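# Descriptive structure summary
Spelled out from the first residue to the last, the chains are:
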Amino acid sequence: MTEITKDHVEWAVIGRLRLMLEEPPHQTFNVTQTYALFTSILCWVMQRIRIKTSDIFTKEDKIAHDLFKKLEDAPIDADPWRIVSAQAERIERIRAKAVRVPAPQGFEERTAARFLINLRDATAHGDARKVEPFNIGGNLVGFTFSCTELKDRKVSWDGKITLLEADMRRIGIQLAKLYCDAIRHSEAHRRDDNFGSDAASVKEVAA
């Protein structure tokens, strides 16, 4: 299958994960599959773009740093995140059933950057202490993330948020798109019309 070259490694994996999120979900383990793709994108992107100013040496480093700054100015209640902290739970429809989703706790006036960092930290320690399944009627429909921030090794903030499959899919796709669009545009051969489609091809050879 089409290889991922050294020139493309900054973004090609994330591009493929995004394409997988955009495909029809797994027939049996759709929520678990979405969670796996979502957390992979979240951890990769947030690790890359949280680069310190003192560690910026390349054009890609600067672009990654600038993307993080952009997210620091973006509220989470706007597109594409659409996370609204409210006193009341929200009602969503899943397979023609009305599902009551708990309101986020502690995320008032959060920036996108801080929100994504909180999610990344929770999923990076994705055991029963931080991430719990959210089930309705005997079916897994999402996950609940318990998030914390520490100061001097003590909890200075905590919050909790439940994301349905559609939420994880939306956030994962949009975060991957923002990242890939930014990093890809740094490449000198970006004007090649076939370059993007070739590098993002997902035909891979099984071992």
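Owing to the predicted nature of the structure, the values given are computational and were not obtained by experimental measurement.

On average, residues of the protein chain score 85 in pLDDT, and 83% of them reach the 70 mark or higher. The low-confidence segment residues 189-196, where pLDDT is below 50, has 12 contacts with residues more than four positions distant or belonging to other chains. Overall, residues 198-202 carries pLDDT values under 50, and its contacts beyond four positions in sequence, including any with other chains, amount to 13 contacts.

Our focus in this paragraph is the packing of helix α2 (residues 30-49) against helix α5 (residues 165-184). At a minimum axis separation of 9 Å, α2 and α5 run at an interaxial angle of 35°. Note that α2 runs across α5; the crossing there is left-handed. Contacts from N30, V31, T34, Y35, F38, I41, L42, W44, V45, R48 and I49 in α2 reach E165, M168, R169, I171, G172, L175, A176 and Y179 in α5. Along the lines of polarity and charge, the residues of the contact of α2 with α5 split into 13 nonpolar, 3 polar and 3 charged.

Attention now goes to the pattern of salt bridges. Under the defined criterion, the tally for this structure stands at 14 salt bridges. Notably, a salt bridge pairs R170 with D167, separated by 3.2 Å at the nearest N-O pair. Here the residue R170 and the residue D167 both occupy positions in helix α5, the gap between them amounting to 3 residues, near one helical turn. According to the relative accessible area criterion, R170 is buried, its value standing at 15%. Residue class for D167 comes out buried when judged on its relative accessible area of 6%. For K177, the salt bridge is made with D181, and the minimal N-O distance between the two is 2.9 Å. Highlighted residues: K177 and D181, both in helix α5, separated by 4 residues, approximately one helical turn. On the accessibility criterion, D181 (31% relative accessible area) is partly exposed. Put simply, R90, E92, D167 and R170 are held in one network by salt bridges that share partners.

Conventions adopted
Residues numbered from 1 in each chain as written. Predicted model: local features only at pLDDT ≥ 70, side-chain atom pairs only at ≥ 80, totals over all residues. Heavy atoms only, no water. pLDDT = per-residue confidence, 0-100. Contact = heavy atoms within 4.5 Å. Axes fitted to C-alpha atoms, helices over the stretch in contact; angles between N-to-C directions. Helix = DSSP H or I, 4+ residues; strand = E, 2+ residues; numbered from the N terminus. Left-handed = near helix turned anticlockwise from the far one by under 90°. Nonpolar A, V, L, I, M, F, W, Y, C, P; charged D, E, K, R; others polar. Salt bridge = Lys/Arg side-chain N within 4 Å of Asp/Glu carboxyl O. Buried < 20%, exposed > 50% of the residue type's maximum accessible area, 1.4 Å probe, protein only.

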